[in-house]
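Here's the letter readout for the chains.
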Amino acid sequence: MAGTAVALSAAASLAGCFGGGQPSQAKAAAKEAAAKPSPSAKPTPKWDTRPASLAALGDSITRGFDACGVLKDCPDVSWATGSSTSVDSVASRLLANPADSWNLAESGARMSGLTAQVEQAVAKQPEQVTILMGANDACRQSVAAMTPVTDYRREFEDAMAVLHRRLPKAQVLVASVPDLKRLWSVGRENPLGREVWKLGICQSMLADPVSASAAADARRNAVRDQVVAYNAVLKDVCGQYAKCRYDGGAVFDYSFTMGELSAWDWFHPSAQGQAQLARIVYRAITSSTVTE
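None of the values given here were measured: they were computed from a predicted structure.

S.K.: Can you walk me through the side chain of glutamine 171 in this structure?
M.R.: On the secondary structure map, glutamine 171 appears in strand β4 (residues 171-174). The exposure class of glutamine 171 is buried, given its relative accessible area of 5%. Among the polar contacts made by the side chain of glutamine 171, one reaches the main-chain amide nitrogen of aspartate 48 at a distance of 2.4 Å. Ignoring sequence-local partners within four residues, the contact set of glutamine 171 consists of Lys46, Trp47, Asp48, Glu127, Gln128, Val129 and Lys243.

So this is what it looks like as structure tokens:
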């Protein structure tokens, strides 16, 4: 529309400069310009809400870690590809044949490992790819050990470039990193959970879980700020690809409850929490409009 407005303005200006000349020619030029599409306009890419196959990339959240047992992956209850009817995974909701899905996530993975997972996905040739990656980049032994935002961006850009080059027809849904401070706020209410956290889970956020000191509060806010920055990267990089959708911060914004946290570590999603993730991501994939 901007290009058309400029062309119309130019045609009108020409008519004024040559007043008394050929007004009919000016009108004809304006009409011709209006009929031409703006050179800056790009067609909205078609988004398939019923892809035939799906590959899920990510970390322990996507693997369903601690959702059905202690210190174990539980892919059957994964939000992305799980077969559990109580979770009703994205694959179960989205695909005509849910078996045409692959959980390629790895517990403990950070953004630096995403490209390797993309390479695994290439062999499967999925029509839909989901990515939920970044919690482990912020969940470190200390704030200083968190993945720098510049590294996180470079690693995500590299992975997306490979994915786009090797799977040019695949749609990509990028989920936001959960609000780790919210998970701390809920889980700290459980005395057993606080004891489990002392074993070393996400110490950048979970160390001294009941401390109200200024230092502890600043540390937790620093982790949350890092997650917010990671999500800004996900949105920005994803936005550079026509077949990539960001969830608009839906996972980050979701307020998990105690029942939606693992009964073994009070931090990872439980089967109930996995069901909520499935609902959130499915909605983003099947939305008729691109989520911002």
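S.K.: Quick question: what am I supposed to make of the pairing of β4 here?
M.R.: Within a regular beta strand, the side chains point alternately toward one face of the sheet and then the other, so they alternate between its two faces. Here β4 shows no split at all, with Gln171 and Leu173 on one side and Val172 and Val174 on the other all buried. Two strands pair when backbone bridges link them, and strand β3 (residues 128-132) and β4 are joined in this way by four bridges, in the parallel orientation. Each bridged residue has a counterpart across the sheet, and for glutamine 128 the counterpart in β4 is glutamine 171. Sheet analysis places β4 next to strand β5 (residues 244-246), joined by three bridges and oriented parallel. Its bridge partner lying in β5, valine 172 is registered against cysteine 244.

S.K.: Mind showing me how you'd approach unusual backbone geometry here?
M.R.: Positive phi values are uncommon outside glycine, yet cysteine 202 reaches one of about 40°. Along the chain, cysteine 202 turns up in the loop between α9 (191-197) and α10 (203-206). One non-glycine residue, aspartate 208, adopts positive backbone phi at about 45°. You can see aspartate 208 is positioned in the loop between α10 and α11 (214-238). Exposure remark for aspartate 208: the relative accessible area of 55% places this residue in the exposed category.

S.K.: Would you mind going over the nonpolar core with me for this structure?
M.R.: A general feature of soluble globular proteins is that nonpolar side chains tend to end up buried together. Formed by 76 residues in total, the largest nonpolar core has its most connected members in Trp79, Leu114, Ile131, Phe156, Val174 and Leu180. With seven residues, the top contributor of residues to this core is α11.

S.K.: Looking at this structure, I do not really get the side chain of aspartate 179. What am I missing?
M.R.: With respect to the helices, strands and loops of the structure, aspartate 179 is situated in the loop between β4 and α8 (180-187). With relative accessibility at 11%, the residue aspartate 179 sits in the buried group. Of note is the side chain of aspartate 179, whose polar atom sits 3.1 Å from the backbone nitrogen of lysine 181. If we ignore the near neighbours within four places in the chain, the residues touching aspartate 179 are Arg224 and Phe252.

S.K.: Whenever I open this one, the layout of surface pockets confuses me. Can you help?
M.R.: A water-sized probe, rolled over the atoms, reveals where empty space remains. The space that makes up the largest pocket amounts to roughly 430 Å³. In this structure, the largest pocket is lined by 27 residues; those nearest its centre are Phe65, Ile201, Asp265, Phe267 and His268. Of all the secondary structure elements, the ones that give two or more residues to the lining of the largest pocket are α3 (60-63), α6 (135-138) and α8. The class makeup of the residues in the lining of the largest pocket is 19 nonpolar, six polar and two charged.

S.K.: Could you clarify how one ought to interpret the pattern of salt bridges in this entry?
M.R.: The full count for this structure, using the stated rule, is 10 salt bridges. Between aspartate 88 and arginine 93 there is a salt bridge; the shortest N-O distance is 3.5 Å. Under the relative-accessibility criterion, aspartate 88 is labelled partly exposed at 32%. Across the pair arginine 188 and glutamate 189 runs a salt bridge, and its minimum N-O distance is 3.8 Å. The exposure class of arginine 188 is partly exposed, given its relative accessible area of 28%. Three or more residues joined by partner-sharing salt bridges are found here, namely Arg153, Glu157 and Asp236.

Quick notes on the rules
- Residues numbered from 1 in each chain as written.
- Predicted model: local features only at pLDDT ≥ 70, side-chain atom pairs only at ≥ 80, totals over all residues.
- Heavy atoms only, no water.
- Helix = DSSP H or I, 4+ residues; strand = E, 2+ residues; numbered from the N terminus.
- Buried < 20%, exposed > 50% of the residue type's maximum accessible area, 1.4 Å probe, protein only.
- Polar contact = N/O pair within 3.5 Å; in protein donor to acceptor, adjacent residues only side chain to side chain.
- Contact = heavy atoms within 4.5 Å.
- Pairing = 2+ DSSP bridges.
- Core = buried A, V, L, I, M, F, W, Y, C linked by side-chain atoms within 4.5 Å.
- 1 Å grid on protein atoms, 1.4 Å probe; cavity = no way out; pocket = protein on both sides within 12 Å on 5 of 7 lines; lining within 4 Å.
- Points joined across faces, edges and corners; volume = space filled by probe spheres on them.
- Nonpolar A, V, L, I, M, F, W, Y, C, P; charged D, E, K, R; others polar.
- Salt bridge = Lys/Arg side-chain N within 4 Å of Asp/Glu carboxyl O.

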